[in-house]
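Residue-level structure breakdown
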Amino acid sequence: MLKDLSAQSLFMGLLTAFVGFASSFAVVLQGLKGVGATDLEAASGLMALSVSMGLCGVVLSLVTRLPVSIAWSTPGAALLVTAGVPEGGFPVAVGAFLVCGVLIVFAGLFRPLGRAVAAIPAPLANAMLSGVILGLCFAPFKAIAFDPRLGLPILAAWAVVAAFKRLYAVPAALAAFALVIAFGVDLPEGAMASWAASLAPPVELVMPAFTLPSLISIALPLFIVTMASQNIPGIAVLKVNHYNPMPGPLFAATGLFSLFSAPFGGHAVNLAAITAAMCAGEDAHPDPKKRYWAAVVCGLGYVVLGLLAGAVTAFVSLAPPILIQAVAGLALIAAFSGSAVAAFKEVETREAAAVTFLITASGVSFGGISGAFWGLVAGGLMMALTALVRHRRDGQKR
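These remarks concern the structure in this document. (Residues numbered from 1 in each chain as written. Predicted model: local features only at pLDDT ≥ 70, side-chain atom pairs only at ≥ 80, totals over all residues. Heavy atoms only, no water.)

**Notes on the pattern of salt bridges**
This is how it is decided: A pairing counts as a salt bridge when a side-chain nitrogen of Lys or Arg comes within 4 Å of a carboxyl oxygen of Asp or Glu. Think of it in three bands: residues with accessible area under 20% of the maximum for their type are buried, residues over 50% are exposed, and the middle band is partly exposed, with areas taken using a 1.4 Å probe on protein chains only.
If you walk through the whole model with that rule in mind, you get two salt bridges. R149 is paired through a salt bridge with D147; the nearest N and O atoms lie 3.1 Å apart. Judged by its relative accessible area of 15%, D147 falls in the buried class.

**What about the environment of G363?**
Rule in force here: Only runs of H or I of at least four residues qualify as helices and only runs of E of at least two qualify as strands under DSSP, and these elements are numbered from the N terminus.
Mapped onto the secondary structure, G363 falls in the loop between helix 18 (350-362) and helix 19 (371-397). Here the alpha-carbon distance between G363 and A83, two residues 280 residues apart in the chain, equals 7.7 Å.

**Details of the packing of helix 4 (residues 74-83) against helix 7 (residues 122-137)**
The geometry of a pair of packed helices is captured by two quantities: the angle between their axes and the separation between those axes. Selection rule: For every element, the axis is a line fit to its C-alpha atoms; helices are fit only across the contacting stretch, and the angle between N-to-C directions ranges from 0 to 180 degrees. Oblique is the label for any angle not covered by the other classes, which are roughly parallel (under 35 degrees), roughly antiparallel (over 145) and roughly perpendicular (65 to 115). Note: crossing handedness is left-handed where the near helix turns anticlockwise from the far helix by less than a right angle, and right-handed where it turns clockwise. Contact between two residues is taken to exist if any of their heavy atoms lie within 4.5 Å; hydrogens are not considered.
Viewed as axis vectors pointing N to C, helix 4 and helix 7 meet at an angle of 65 degrees, and their least axial separation amounts to 8 Å. The orientation of helix 4 relative to helix 7 falls into the category roughly perpendicular. Crossing geometry of helix 4 relative to helix 7 is assigned as left-handed. Residues P75, A78, L79, V81 and T82 of helix 4 pack against L129, V132, I133 and L136 of helix 7.

**A look at the packing of helix 2 (residues 25-34) against helix 3 (residues 39-64)**
It is the contact of helix 2 with helix 3, at a shortest axis distance of 9 Å, that shows an interaxial angle of 130 degrees. As judged from the angle between their axes, helix 2 and helix 3 are oblique. The way helix 2 lies across helix 3 gives a crossing that is right-handed. Side by side, helix 2 and helix 3 meet where F25, V28, L29, L32 and K33 of the first sit next to D39, A42, G45, L46 and L49 of the second.

Next comes the structure, spelled out in structure tokens:
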């Protein structure tokens, strides 16, 4: 097995881990804080997610000998930003995370559930995702309004690098963020000493609580966006690269590792989509049978980065919150544009997608249940009504 390891796979695995972590950890932190996590709980959640997805990737890649890349649910984290703090606080959100993990396991083991998720109309799933992401995508421009000296360098770094190599645009924005903190933010006395003390891995066990509104407004939408936006596309990426895995066991494994991370504040892990292409492509190794080592190295990289989550979180907390929100928003612009195009591409479903998008993006909630769920329900009803009217018209023409 070790004979399959190459310098090429080692480099690509390390690069994938860095890009995967750096490009979206800000979204994860904002999402966990959005449902009531403290700084320590958010750092613990980030640590648990990174370690869980790293170990999951290592285990699956070694067992299957396929380049199975795992990631945290970035769309799910964006969903949490808009969900709001549930009644009962972060423990209730953790209870919803556990339920989501159970649903993902069932989706892998119980085929009808997996097929039901896959049967959700793609325009509605994409409209819900774009509605969830929209608010955070405003943050880079709000950061400029907050202080152009701080916000503009982050946006400029992202835009310039994106023009040449889109994959490195968010890490470039993150580097600009670090420079802004170092040279543009007045740090309180003793800040660096406090940061050095945070190098120990953050561990905070959260006892879960369960409420019906949180299950509907957090667990169910989190499950849907994780499956529809990450797990199913993750299988597609592997197939595009001429691998044919059994989806069910992979889904179930990500659900199990999600359950492991949830008590420590992690929301969900899943098959990677974008970073999966890095480990599964020719850049990882000319021989497809040896590319699995890139995913193994990537997983080990995630574990190391996860153990440093406390230092990452402490460093981020030194800056005004709008700046890290700006980095998170830049990380989601590509996802927003892709999901919005997919949502409104078909003329027949455009109105239903618009209803889903607008209700989700509005942030309204009814009965303690967030707009993401109601947007999906309203869009489904609109789609059903449109189909019924069209069917009757076609019947009358005959």
